[in-house]
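# Overview (structure and organization)
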Amino acid sequence: MKQNQECLHETYVWEVPVRVTHWVNVLSIATLSVTGIFIGSPVTLGLTASAYVMGWIRFIHFVAGYLFAISVVSRIYWSFVSNRYAGWREFVPFLSAEGRRNMWRMFAYYTFMSRKVPHPIGHNALAGATYLLVFLLYLVMILTGFTLYSEHAPHGPLHALLGWMFAHFSNQGIRQTHHLIMWFLIGFAIHHIYSAWLMDVKERGGVISSIFGGYKPVQGRE
Amino acid sequence: MEKGGSKGKGENPEQCFDVPRALAERGITRRDFMKFCTAMSAALALPMTLVPRIAAALESDARPSIIWLEFQSCTGDTEALLRAANPTVGEIILDVLSIDYAETIMAAAGHQAEEARAKTVKESRGKYIAIVEGAVPMKDGGIYCCIGGRSALDIVREVCGGALATITVGTCASYGGIPAAAPNPTGAVGVKEAVPGATVINLPGCPVNTDNLVATVVHFLTFGKLPAVDGKGRPLFAYGKRIHDNCERRPHFDAGQYVESWGSEAHRSGHCLYKMGCKGPETFHNCPVQRYNEKTSWPVGSGHGCAGCSEPQFWDTMTPFYRRLPNVPGFGIETTADKIGTGLAVATAAAFAAHGVVSGFRHKDDESKDGKGGNQ
Amino acid sequence: MTKIVVDPITRIEGHLRIQAEVNGGTITDAWSSSTMFRGIESILKGRDPRDAWYFTQRICGVCTTVHSIASIRAVENALNITVPLNAELIRNIIIGTQLVQDHVIHFYHLHALDWVDVVSGLKADPVKTASLAASLSDWPLNSPTYFKSVQDKVAAFVKKGRLGPFSNAYWGHPAYKLPPEANLMATAHYLEALDWQREIIKIHAILGSKNPHPQTFLVGGMAIPIDPNSQNALNADKIAEIGELLGKMKRFVEKVYIPDLLAVASFYKDWAGIGAGVGNYLSYGEYPLDNSGKPEKLWFPQGIILNRDLTKVHPIDQKKITESVAHSWYEGGAAGVHPYDGQTDPKYTGPKPPYDMIDTNGKYSWVKSPRYDGKPMEVGPLAVILVAYASGHAGAKGAVDMVLKKLGVGPEALFSTLGRTAARGIEALLVAEELPKWLDMLVANIKGGDLTSHNGEKWDPASWPHEAAGFGWHNAPRGALGHWVRIRDQKIENYQAVVPTTWNASPRDEKGQRGPYEAALVGTPLADPDKPLEILRTIHSFDPCLACAVH
Ligand code: HEM
Ligand code: HEM
Ligand code: NFV
Ligand code: SF4
Ligand code: SF4
Ligand code: F3S
Ligand SMILES: [Mg+2]
């Protein structure tokens, strides 16, 4: 153990944009979920008709929605110019034979089939693939969210841009999707925080701290 | 009509039939007439400078021929026409339009009725307006709706194909409506789908708001063309905005004041019906502004939520009517997105809690010692 | 023998086709066929029972409230829900208004042109017309100038040569018997009734947001809240407006509709011997006077009359109601099935369009054949009035005797085309006169502090039993309407509507018994088979609604 630790040194894995977008996403998703749940099943909080409870909650939802969208788009952009740990290839491990092997290893570890815990520098392969899915869900949320949002100004530029959605899906279908995916994301968050904890605390991967400071403890030289 | 003044005999029949004088006969003054034209231009969201043009169009006796077809309908849209107030249906029948075929009101029956239609189709080809009520069944060769031994499909193709323009009244004729609701037993579709080549303007609603029908016709008579439409073929002047954005209860929505049960204090006070399943936030229609039966009321105004009746396939997408969101397909009627979602979240949490416990008992991995399996 | 077809029968709701055999100027046999099907009963399966009324309302936009009422009653019956008295009374006002409006529209706009020759009215003397009208009632509009203005208007219209909806009709047909003055009077009232119906139906808009298709019904009550101190609820202002409109309604029925009906009928007394029909009559009763749901608390009584025997009113046993598809284009055996078990699975075996004739030996209609205890039944105003009359209902007795006396005919004249048309007027008159009383009851109840409009105990489907079944009955303008529903796991498992026009327009059943239209046409004289005006008279006397019949 001891000698192991001596070999460890910090590698700069998560550049600032990765960390910033991660935490902006976390905060905006939390805000969007709390406000979204209220929008979906509000309780009477207004005492008079001139209160503006739902108005403010929706306003916060929309502001957080913009923030979230900008953050997600920035992160996608960054994946083309970032270091290799945060690059787009990390999210598609299943494209290469080695990636698929790594995914299997991680899967085996999680399901107690193997005790070998892989300690990659960037994402582990399984996580990378999961994040791809999560990013797709983000995009669906942004798309459906802005589509719903566009209806407050019908025939405005946003509505013109997203009108095609209504040709393919019903308004209620879009709403339902927007609502359901929130729960998928909450489900993911539970899993994700747990795995981060598992890797970090349980397996001492230094994962959690990395998303704060950017550095990860890595064995040996690159 | 009570105060009708009479006119002298022997007048030129052409002259004795014009709208202002017909109106005068019923005691309607020039002022009332201009008022009607102004109301019309407002309904059409047109600038007031166009009022004289509307008046001029209505005054010329170019009563267009109308063929009113009914297929898989409930006749609710014909009944809506009977409630027309500006002008009244009596005026429409006698002064504004020449309704050459309309099964529900016409005097002729059987082959004499069919002849009347055939005559208009032949003699006014490209000049008459077709108004269609009800869906067209496409399944099994169209046998689910036949008139005079001919299928609706056959008739609609002939009549709408030869029309200057087709106006569909009601959601059935526009998009299939109730017969097209799942499982659509008869393969019902709207007119545009049955006759893709036809010039169709959709006036959905269940039934159509007759003011919107009259306004569309007036627009047409005034400008010789149909009003601008949205992506679903509906005129913008009537379907350009959501119910929710014009609703008189919107302040209660924004305030956070909701009706939670029928007949409650909140319901009596006119609070927002969002939680009772109101589909105003997803429905484009001018009900809150135009209202019904000479602006007497409209669904939310009388305490019931909007059901989204002007949207395509609302029978499937807007149901259940008393829930905000549809049921999730494959789950029971009581299973909302939130129930499924919380279930999912709880299940995930439970699974990982279990995983955590199991990993807690697991021996430390020895993989990191030999440095393998690490930094790939 | 000549075979004739009338398709489409116009001035009705929907798509009806009559095929008939004519021998020596008289109809010897007839077949009633409907040619449109939608499948709403199947569309309802699997849906929320609380939504059903919204769907079934779209069965028909003419009798636009009636399927909502039958539907909520069926679901309330299945779930054992008691409706607040206020809601019951609001429903009465909506139902009654619908009935009176529908009957007046039927008389003037759908039926009148069978008896009234609009063109002949051009020859009338407006002064004489006014005195004819004055001899019938003191309706203030009946002045010579008024009739003159209508006549001029029609003349101008006719001169123009474009008759629109009045073209190609049977004007000048020998069966038209009214003098020009009566024709002109009826034409004027045709136009007046158009304005009147638009006005009085605002009662539906006040109570239910709009008409057609009011949007206010709820399983358990009504969506219009009640609160004298709110502008968003039924308040004093709205009640006053309804009261005003009910007054207008009643005055028109008393002073225009009934006098016109009697005047026209007096020229067509021969039609008291034509169009008798099957002779069995069924009425579900209507207008609950409290919220107990008990049949004996209905203002119009329910019951059955068999073989025109007015001395006995039989009670109804809902188990004896069946529908046969022996001659209808559906899957299933020939024998009748009770509506709880009924299915509506289309199976067309008719000719491929375009066609000239339908072979009536096999299946020939989308209408099923409802039977009570195996017998065909006529439903509608005549059945309602006969059952009420035979049960000793004071109002019905008074009105029927008045009409019979004015026309100088006996009660047997009721079993006819003319009797059917007269009974419709009588029903409208009775209901129009009773409506203000229900409004008074409502006001009294609100005054007593009762503001409840909905019973929400069973609103949440979680409170429902795993399985439930119920039926809802309603006397619609065209007669006895019933909906049967089975609920399972909070969803509709089966839904069947047996509708007034289904009874009346039914084809033959498995025993070959004719339906009421078919039976009524047999024996009808026909002056000119190419202009079958007489067929229209008898068929229109039933006020057909085919969207209702088939759904
Ligand atoms: C992860 C991100 C998001 C979550 C979890 C989320 C969640 C929700 C939820 C639960 C609802 C209520 C749906 C209903 O039941 O009707 C909602 C509504 C809505 N969301 Fe989001 N949302 C997210 C992102 C966005 C974005 C990016 C936008 C874009 C502006 C947006 C715009 C809206 C709009 C317009 C509505 C409808 C509000 C209304 O009409 O009153 N959302 N959201
Ligand atoms: C206490 C809360 C959280 C912690 C400690 C945390 C930690 C981390 C860490 C350490 C990583 C990078 C490690 C890896 O690749 O496996 C990461 C990545 C990621 N996290 Fe979180 N996370 C948290 C909350 C969330 C939440 C709530 C969400 C979204 C619902 C989220 C979404 C993501 C995504 C999408 C990535 C990949 C990001 C990228 O590559 O840009 N995280 N998180
Ligand atoms: N038959 C029928 Fe109806 C009625 N009255 C329904 O129940 O017309 Ni549309
Ligand atoms: S749109 Fe509605 S009112 Fe019109 S025919 Fe269809 S069901 Fe009837
Ligand atoms: S009642 Fe309906 S349309 Fe009106 S504000 Fe509420 S949700 Fe919107
Ligand atoms: S149900 Fe229809 S009538 Fe208007 S309020 Fe909604 S669109
Ligand atoms: Mg049925």
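Values in this document were obtained by computation on a predicted structure and should not be read as measured data. (Residues numbered from 1 in each chain as written. Chains lettered and ligands numbered in written order. Predicted model: local features only at pLDDT ≥ 70, side-chain atom pairs only at ≥ 80, totals over all residues. Heavy atoms only, no water.)

Turning to the side chain of Arg478(C), a few remarks are in order. Residues and elements named next belong to chain C. Tracing the sequence through the fold places Arg 478 in the loop between β12 (467-476) and β13 (479-488). Arg 478 sits in the buried class, given a relative accessible area of 3%. Here Asp 543 takes part through its backbone oxygen, which lies 2.9 Å from a polar atom of the side chain of Arg 478. Setting aside anything within four residues of it in sequence, one finds Arg 478 in contact with Val 62, Cys 63, Asp 102, Val 379, Gly 380, Pro 500, Thr 501, Asn 504, Phe 542, Asp 543, Pro 544 and Cys 545. (Helix = DSSP H or I, 4+ residues; strand = E, 2+ residues; numbered from the N terminus. Buried < 20%, exposed > 50% of the residue type's maximum accessible area, 1.4 Å probe, protein only. Polar contact = N/O pair within 3.5 Å; in protein donor to acceptor, adjacent residues only side chain to side chain. Contact = heavy atoms within 4.5 Å.)

This paragraph deals with the nonpolar core. Ranked by internal contacts, the top residues of the largest apolar core, which has 252 residues, are Val100(C) and Ile535(C). Ranked by residue count, the leading element in this core is helix α9 (residues 236-267) of chain C, at 15 residues. Three or more residues apiece are contributed to this core by two domains, here domain 1 (3-239) and domain 2 (243-317) of chain B. Once residues lying within four places of it in the same chain are set aside, the contact partners of Ile535(C) are Ile4(C), Val6(C), Ile9(C), Ile18(C), Ile27(C), Leu521(C) and Leu526(C). One finds Met106(B), Val159(B), Cys160(B) and Met36(C) within the second-largest nonpolar core, a separate group that totals 30 residues. (Core = buried A, V, L, I, M, F, W, Y, C linked by side-chain atoms within 4.5 Å. Domains from an automatic or database assignment.)

Residue and element names in this part refer to chain B. Judged by pairing direction, the sheet is parallel, and its 5 strands sit side by side in the order β2-β1-β3-β7-β9 without closing on themselves. The open sheet is flanked by β2 (98-102) and β9 (200-203), the only strands paired with a single partner. Within this sheet the neighbouring strands show an average axis-to-axis angle of 20 degrees, counted without direction. Sheet analysis places strand β7 (residues 165-169) next to β9, joined by 4 bridges and oriented parallel. When the sheet's bridge partners are listed, Thr 166 is paired in β9 with Val 200. (Pairing = 2+ DSSP bridges. Axes fitted to C-alpha atoms, helices over the stretch in contact; angles between N-to-C directions.)

Our focus in this paragraph is the packing of helix α4 (residues 97-110) of chain A against helix α7 (residues 171-202) of chain A. Residues and elements named next belong to chain A. As a packed pair, α4 and α7 sit with axes 13 Å apart at the nearest point and diverge in direction by 90 degrees. In terms of orientation, α4 lies roughly perpendicular with respect to α7. Of the residues in α7, those in contact with Met 106, Tyr 109 and Tyr 110 of α4 are Ser 195, Leu 198 and Met 199. Of the residues belonging to the contact of α4 with α7, the class tally is 5 nonpolar, 1 polar and no charged. (Parallel < 35°, antiparallel > 145°, perpendicular 65-115°, else oblique. Nonpolar A, V, L, I, M, F, W, Y, C, P; charged D, E, K, R; others polar.)

Residue and element names in this part refer to chain C. Binding of the iron atom of ligand 3 to the protein goes through Cys 63 (SG) and Cys 548 (SG), at separations of 2.5 Å. Separating the iron atom of ligand 3 from the nickel atom of ligand 3 is a gap of 2.8 Å, bridged by Cys 63, which donates to each. Of this pair, Cys 63 sits in the loop between α2 (52-57) and α3 (66-79) while Cys 548 sits in helix α16 (residues 546-550); the two residues are 485 residues apart in sequence, bridging distant segments of the chain. Each of the two residues, Cys 63 as well as Cys 548, counts as buried. (Donors = N, O, S within 2.8 Å, 3.2 Å for Na, K, Ca; no water.)

Close to ligand 6 lie 14 residues; His285(B), Cys287(B), Cys306(B), Ala307(B) and Cys309(B) are nearest. Around ligand 6, the nearby residues trace back to chains B and C. Per-class residue counts for the shell around ligand 6 are 9 nonpolar, 4 polar and 1 charged. (Near = heavy atom within 4 Å.)

Another aspect to go through is the interface of chain A and chain B. Taken residue by residue, the interface counts 56 residues in chain A and 57 residues in chain B. Between chain A and chain B lies a buried interface of about 5100 Å² when both sides are counted; carbon and sulfur atoms form 55% of it. Ranking the residues of chain A by area buried against chain B places Phe112(A), Gln172(A) and Trp183(A) at the top, with a combined share of 14%. Applying the counting criterion to the chain A and chain B interface returns 1 salt bridge. Arg175(A) is paired through a salt bridge with Glu282(B); the nearest N and O atoms lie 2.6 Å apart. Counting across the chain A and chain B interface gives 22 residue pairs in polar contact (both at pLDDT 80 or more). Elements with a minimum of two residues in the side of chain A that touches chain B: α2 (16-40), α3 (53-78), α4, α7 and β2 (215-219) of chain A. At 16 residues, the largest contribution of residues to the side of chain A that touches chain B is made by α7(A). Tallied by class, residues from the side of chain A that touches chain B come to 28 nonpolar, 20 polar and 8 charged. (Buried area = accessible area lost by both parts, 1.4 Å probe. Salt bridge = Lys/Arg side-chain N within 4 Å of Asp/Glu carboxyl O.)

A separate point is the domain arrangement of chain B. Residues and elements named next belong to chain B. Domain annotation of chain B identifies domain 1 (3-239) and domain 2 (243-317). At the interface, 21 residues of domain 1 touch 16 residues of domain 2. With both sides pooled, the region where domain 1 packs onto domain 2 buries about 1600 Å², and carbon together with sulfur makes up 52% of that total. When residues of domain 1 are sorted by the area they lose upon contact with domain 2, Tyr 175, Asn 209 and Tyr 239 head the list and together hold 25% of the total. Inspection of the domain 1/domain 2 interface yields 2 salt bridges. Between Glu 311 and Arg 234 there is a salt bridge, and its shortest N-O distance comes to 3.0 Å. At the surface where domain 1 touches domain 2, the tally comes to 10 residue pairs in polar contact (both at pLDDT 80 or more). Residues belonging to the side of domain 1 that touches domain 2 are distributed by class as follows: 12 nonpolar, 5 polar and 4 charged.

This part is about the coordination of the nickel atom of ligand 3. At this site the nickel atom of ligand 3 is bound by Cys60(C) (SG), Cys63(C) (SG), Cys545(C) (SG) and Cys548(C) (SG), with donor distances of 2.3 to 2.7 Å. Read N to C, the donor residues that coordinate the nickel atom of ligand 3 are spaced as C-x2-C-x481-C-x2-C.

Attention now moves to the interface of chain C and chain B. The interface is formed by 103 residues belonging to chain C together with 103 residues belonging to chain B. Carbon and sulfur atoms supply 59% of the area buried between chain C and chain B, which totals about 8800 Å² over both sides. Our enumeration of links across chain C and chain B arrives at 5 salt bridges. Linking chain C with chain B are 42 residue pairs in polar contact (both at pLDDT 80 or more), by the criterion used here. Those elements that place two or more of their residues in the side of chain C that touches chain B are α1 (40-44), α2, α4 (85-111), α6 (144-159), α7 (180-200), α8 (202-208) and β4 (217-218) of chain C. With 9 residues, the top contributor of residues to the side of chain C that touches chain B is α6(C).

This part takes up empty space enclosed by the protein. Space inside the largest cavity adds up to approximately 690 Å³. Taken together, 34 residues form the lining of the largest cavity, with His61(A), Phe62(A), Gly145(A), Leu148(A) and His178(A) sitting closest to its centre. Considering only enclosed or pocket space, the second largest cavity measures out at about 150 Å³ in volume. Lining the second largest cavity are 13 residues, with Leu94(B), Val118(C), Val154(C), Phe166(C) and Thr187(C) sitting closest to its centre. Breaking the lining of the second largest cavity down by element, the ones donating at least two residues are α6 and α7 of chain C. Residues of the lining of the second largest cavity, tallied by class, amount to 12 nonpolar, 1 polar and no charged. (1 Å grid on protein atoms, 1.4 Å probe; cavity = no way out; pocket = protein on both sides within 12 Å on 5 of 7 lines; lining within 4 Å. Points joined across faces, edges and corners; volume = space filled by probe spheres on them.)

Here we come to the site of ligand 3. All names here are of chain C. The environment of ligand 3 is made up of 13 residues, and the closest members are Cys 60, Cys 63, Thr 501, Cys 545 and Cys 548. The separation between a nitrogen atom of ligand 3 and a polar main-chain atom of Arg 478 is 2.9 Å. Thr 501 places a polar side-chain atom, nitrogen or oxygen, 2.6 Å from a nitrogen atom of ligand 3. Per-class residue counts for the shell around ligand 3 are 10 nonpolar, 2 polar and 1 charged.

What follows covers α7(A). For α7(A), spanning 32 residues, the distance from its first C-alpha to its last is 46 Å, which sits close to the expected 46 Å at 1.5 Å a residue. Downstream of α7(A) by one or two residues, Arg204(A) has phi in the positive range, about 50 degrees. (Expected span 1.5 Å × (residues − 1).)

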